[in-house]
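Here are the chains, one letter per residue:
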Amino acid sequence: MSSSLEFIGTSRSFGEATVLHEVSLIVEPSRCVALLGGSGSGKSTLLRIAAGLDDPSSGQVLVDGGDLDGVPSEKRGIALVFQKPLIFPHLNVVDNVAFSARMAGQSRQAARRHAMAYLELVHLADFAGRSAGRLSGGQEQRVALARALARNPRILLLDEPFSSLDSRLRENMYSLVEDIRSELAPTIVLVTHDRREASILADSIAVLDDGRILQHGPVAQLHYQPATLAVNRILGGLNAISGQVDGGIHHSVLGRVRVQPGMVDGPAFLVMRQEAVRILPAGEGTAVGNVAGLKSLGAHTLVRTEVAGNDGLPETLTVEVSGDPGVSVGQMIGLQPVNGSGWAVIR
Amino acid sequence: MPRLPAPVSPRRRAALYTAASALALLLTSCSGATVGQVKSFESFDEVRAEAEGQTVDLWMYGGDEQGNAYVDDVLAPAAREQGVILRRVPVADTQDAVNRVLSERQAGRDDGSVDLVWVNGANFSTGRQAEVWRCGWTDLLPNMEYTDREDPLILSDFGTPVDGCEAPWHKAQFTFFYDSEAIADPPTSLAGILEWATANPGRFTYPAPPDFTGSVFLREVLLSAAGGADQVPLEYSEEAFDEHAPAALQALSEVAPSLWREGSTYPRDEQALNTLFANDEVDIAMTYGPATLTDLVAAGALPESTKVLTLDEGTVGNASFLAIPANAADAAGAMIVANIALSPEQQAAKADPAIWGQFAVLDTELLTPAQQDQFELLPESPIVPDYAELSRNAHGELAADWVPALSEAWRQDVASDR
Amino acid sequence: MSRGQGPTTTGRAVLFALPAVFPVVAVLGVSLAAAVLQSLGLMPFIGPPSFSVEAWTGNTGELVRATGLSLNIAATATVLSVCIGFLIAAYVLASPRMGWIVGALSAATIPIPHLIGAGAIGLLLSDSGFLERVLGMPAAFPALVGGPWWIAAITEYAWKESAFVALVVLGSIARSVGDLCDAAATLGATARQRVFRVVLPLAMPSLAVSALIVFVYTLGSYEPVWLLGPTSPEPLPVRAVRLFGSVDLTARPEAMASALVSVAVGAGVILIGILVVRRSREFR
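Residues numbered from 1 in each chain as written. Chains lettered and ligands numbered in written order. Predicted model: local features only at pLDDT ≥ 70, side-chain atom pairs only at ≥ 80, totals over all residues.

Trainee: Residue-level account of the interface of chain C and chain A, with values.
Mentor: Contacts between the two partners involve 15 residues from chain C and, on the opposite side, 19 residues from chain A. The set of elements that each furnish at least two residues to the side of chain C that touches chain A consists of α7 (151-186) and α8 (191-220) of chain C. If you tally residues by element for the side of chain C that touches chain A, the top one is α7(C), at six residues. Per-class residue counts for the side of chain C that touches chain A are eight nonpolar, four polar and three charged. (Contact = placed C-beta atoms within 7 Å. Helix = DSSP H or I, 4+ residues; strand = E, 2+ residues; numbered from the N terminus. Nonpolar A, V, L, I, M, F, W, Y, C, P; charged D, E, K, R; others polar.)

This is the structure:
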């Protein structure tokens with residue numbers, strides 16, 4: 001049932017403004033890819049093009065190798081769940097879910113029977129007869145999900161469907177998506193601006209910025225081996241220490257850190273996730289920092305430190321620690337990367 | 001000046017007046033709508049003194065552009081010279097003006113907004129019935145001396161005695177006209193016209209009564225079917241109606257299948273009939289204002305081949321008048337205007353087809369030679385013969401009560417039939 | 001909702017509404033009362049008042065015929081206006097670029113008075129009108145103006161009122177319908193299905209309300225039927241105006257009876273319409 005989805009050099013401009021620049025991306029069958037980017041990065045436009053609600057200015061969209069050019073939305077077999085639930089107000093819950101079956105020409109009875117299975121999947125079977133106006137936001141989004149799934153789509157597109165839900169409901173929806181993946185295994189493209197959501201739901205993440213795909217790879221790779229500073233920033237990496245690579249070793253205020261093989265010599269930034277640095281008593285570790293600020297994240301705390309090197313300007317290094325960091329502003333501390341080697345990027 | 005079938009503005013306003021006046025009536029606690037005593041004048045000098053500076057609202061049918069222009073450009077300046085401002089209030093139908101007067105009187109207003117009305121026939125008689133006109137004032141007008149005191153058209157208006165309740169303004173002669181290119185040998189009597197219509201299906205029709213022109217045609221058929229104008233009593237009575245109306249209605253029912261659109265519908269008014277004539281859908285039409293034909297042909301609204309059709313037995317003629325409502329706020333000014341309108345200069349100007357082309361109500365023999373010359377100088381029309389020719393064998397109008405009775409009977413028997 | 005506050009709030013609301021409602025009710029009430037009195041001969045222009053139901057019973061056949069005719073014309077015009085108006089709205093929604101022009105044209109027809117509209121339709125459809133000249137078929141041209149089927153008058157209503165319906169529908173659904181149609185498309189609904197299975201049901205409430213307005217308006221409208229209809233038979237408003245304007249003052253009661261029948265039918269239709277709309281809402 002699942003299909004592959006492929007964008008080849010897909011561009012889209014509105015007048016002067018170019019929203020997508022030759023985007024190329026492959027989504028394998030039954031995989032879940034998250035398109036991660038800020039607002040205006042073009043991620044929703046890419047989904048609308050895949051769904052046939054918008055046409056690319058150039059480039060192709062292929063499903064299982066077949067070009068979708070000229071195929072209208074309703075014939076693509078691609079379902080889209082929008083940011084807003086868009087429940088049909090004139091239909092009750094079960095008839096909303098039964099909509100696609102009715103459009104395909106099934107009888108009301110058959111369509112409803114088919115719909116009930118999907119309502120059960122999203123745990124809303126008891127609400128079948130309820131009118132659309134009398135649902136909570138989370139219920140509405142679950143109905144929208146059930147409605148899209150009831151179409152038996154080859155590909156399921158999710159356009160920030162959970163962004164308006166509160167965090168508890170969102171967690172429920174995440175496990176619902178997990179259930180759906182294990183039961184139906186659809187190919188999923190998820191658009192989100194939330195890297196956590198992307199990391200939880202997706203097998204791989206494609207980072208979109210200003211209409212370009214900066215990097216597409218597995219979740220861990222994006223976090224620890226970003227292609228650029230921008231990717232690092234978009235995935236929440238706070239640290240980029242300037243320095244020089246010389247013979248596979250990055251030299252900076254943090255001292256000498258071995259970086260990935262193949263790095264050419266020259267100036268480069270050492271990206272080091274805030275989770276991958278440890279705080280040690282002063283005098284220990286590979287570098288010395290001065291605590292410049294503390295910011296609570298709840299269970300975690302961000303410790304901002306000034307690291308002064310032997311030469312050049314001091315750099316800021318932020319460290320995320322669980323629980324009470326046990327340090328105070330102005331205190332001198334030692335810093336130690338968790339891993340033996342680091343990751344350097346040129347820009 | 002193209003004359004398309006200009007949509008005549010609706011009479012809905014009249015309904016509003018009724019509602020408003022009914023409201024006013026109820027709010028003034030139904031105290032019986034009595035109007036204050038009408039102030040009478042002893043002499044015309046007294047009228048002149050009172051009229052100085054008054055603004056007179058003349059309510060008249062607004063669908064005749066030449067008439068509007070005459071009042072605005074010729075009559076109003078003359079009134080202004082005598083210290084009276086004349087304001088023309090156009091109405092879609094003279095009934096609107098009469099309704100306004102009736103409604104104001106019902107509401108108990110004695111400073112009425114209608115000072116002068118261009119009226120005749122049924123509207124005059126309706127007003128008399130309801131006693132809304134000021135009476136006995138026309139003898140004060142100096143220019144009445146130029147009219148023939150014995151002229152039946154001026155003494156009685158559609159059978160209703162004038163009694164000094166309205167001042168004559170102009171005369172009119174009902175006239176048929178035809179397309180001389182389509183009809184080489186036109187009929188010479190009304191019966192002949194109906195025969196021609198039967199012989200030429202679809203080429204004749206007449207405006208649906210209660211339209212004014214259509215009503216006149218209906219009465220002409222009545223007189224013709226009765227064997228002549230002298231066979232039907234002017235006064236309306238049910239006996240006279242029952243005696244004479246059936247023959248006329250039968251004649252019209254018989255000709256109906258041969259009319260335009262097989263008589264299933266009729267043109268709404270004279271303008272609609274003119275449009276049919278101009279579009280070559282019918283070959284004979286009719287009007288109570290034959291003097292305007294010259295202008296219509298010149299303007300291209302009617303074909304060049306238009307010719308007046310005079311009947312051996314003659315046609316009906318009437319006079320129309322200026323009446324002053326009893327509750328008029330500016331009655332003295334209205335009398336000044338009525339007097340000016342009667343002057344030989346105004347009557348001669350008004351008779352000029354280039355200005356309006358309405359026949360004078362004056363008796364030319366009572367005029368000075370200089371005044372007569374003004375009428376002699378009027379241009380002759382290639383289409384319309386002069387008034388003497390048109391009004392040969394003319395007869396007067398039947399009493400106004402005939403009009404609604406005939407219209408209603410026509411609607412029931414002739415129009416609903418098909 | 002806190003208890004105890006309800007009645008005071010309602011009371012105050014009624015008080016605030018009073019200055020607006022009172023004049024309307026007063027004028028309407030007094031006018032209707034005056035019309036009733038006139039129709040019963042109790043408010044004559046001349047002569048003493050005398051009670052009579054002659055205006056109502058004297059020519060019942062014609063009154064019933066006029067009512068039936070008016071209902072027919074209004075119903076046909078309403079059905080056409082609603083259907084055409086909905087299609088215009090659907091077209092505007094479906095094709096934004098051309099639709100914008102169609103929408104602007106529709107909006108432009110709204111302020112044209114019916115009288116002018118009727119005149120224009122008359123020039124277009126009459127026997128020697130524009131259409132006949134363009135088609136060049138003098139003999140075969142059907143009697144649209146003044147013909148037995150009231151085609152020109154109904155066309156005028158359908159033209160003007162469909163624009164009204166389209167604008168009401170667009171105004172009420174334009175904001176939400178685009179996204180819902182996108183959703184429907186991704187759920188496999190064809191363009192046709194989107195129009196009839198999504199746009200139509202969404203437009204239903206505004207269609208119902210505008211249909212009511214159009215029906216009552218055309219029922220009481222005078223100019224197009226007067227200008228474009230045949231001499232006989234007469235719809236209610238034409239009959240009422242003719243009798244009201246009659247030189248025979250005794251025809252006034254009959255005029256008022258005709259007008260009141262048209263008011264009563266209009267009020268009845270509004271009442272039924274409101275009940276139906278409310279019922280369908282509850283049903284949902």
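Trainee: Now, about the domain arrangement of chain A: what can you tell me, with residues and values included?
Mentor: One frequent convention defines the size of an interface as the accessible area lost when the parts assemble. As far as domains go, chain A holds domain 1 (5-224) and domain 2 (237-345). With centres defined by C-alpha atoms, the gap from domain 1 of chain A to domain 2 of chain A works out at 39 Å. (Domains from an automatic or database assignment.)

Trainee: If you had to explain the pairing of strand β9 (residues 204-209) of chain A to someone new, which residues and values would you point to?
Mentor: One face of the sheet, then the other: side chains in a regular strand alternate in exactly this way. All names here are of chain A. Summarising burial for β9: five of the six residues are buried, a large majority. Here strand β3 (residues 32-36) runs beside β9; their pairing, made up of four bridges, is parallel. From the neighbouring strand, V33 faces β9, where its bridge partner is S204. Where β9 meets strand β10 (residues 212-218), six bridges bridge the pair, whose relative direction is antiparallel. Paired with D209 across the bridge in β10 is R212. Hairpin connection between β9 and β10: a loop of two residues separates the two successive antiparallel strands, and D210 in this loop has a positive phi of roughly 55 degrees. (Buried ≥ 20, exposed ≤ 12 C-beta atoms within 10 Å, placed from the backbone. Pairing = 2+ DSSP bridges.)

Trainee: Which residues make up the sheet that holds β10(A), and what values go with them?
Mentor: Residue and element names in this part refer to chain A. The sheet built from six strands is open, its strands ordered β6-β7-β8-β3-β9-β10 with mixed pairing. Only two strands of the sheet have a single partner each, and these edge strands are β6 (78-81) and β10. Ignoring which end each strand starts from, the neighbouring axes of this sheet average 15 degrees apart. Alignment of strand β7 (residues 155-159) against strand β8 (residues 187-192), held across five bridges, turns out to be parallel. Of the residues in β8, the one forming a bridge with I155 is T187. (Axes fitted to C-alpha atoms, helices over the stretch in contact; angles between N-to-C directions.)

Trainee: Residues and numbers for the arrangement of the chains, please.
Mentor: No other pair among the two pairs of chains in contact exceeds the contact count of chains B and C. Contact between chain A and chain B is absent, and the least distance between their C-alpha atoms amounts to 43 Å.

Trainee: Now, about the sheet that holds strand β2 (residues 17-27) of chain A: what can you tell me, with residues and values included?
Mentor: Two orientations exist for strands paired in a sheet by backbone hydrogen bonds: parallel and antiparallel. Residue and element names in this part refer to chain A. The strand order across the open sheet built from four strands is β2-β1-β4-β5, with neighbouring strands paired in antiparallel fashion. Looking at the sheet topology across the chains shown, the edges are occupied by β2 and β5 (66-67). Strands β1 (5-14), β2 and β4 (58-63) of the sheet are contacted by helix α1 (residues 43-51), whose axis makes an angle of about 115 degrees with β1.

Trainee: How would you summarise the interface of chain C and chain B if you had to cite specific residues and measurements?
Mentor: Each partner contributes to the interface: chain C provides 30 residues, whereas chain B provides 35 residues. Among the elements of the structure, α1 (5-39), α5 (114-125), α9 (223-228) and α10 (236-244) of chain C are those that each provide at least two residues to the side of chain C that touches chain B. A per-class count over the side of chain C that touches chain B returns 17 nonpolar, nine polar and four charged.

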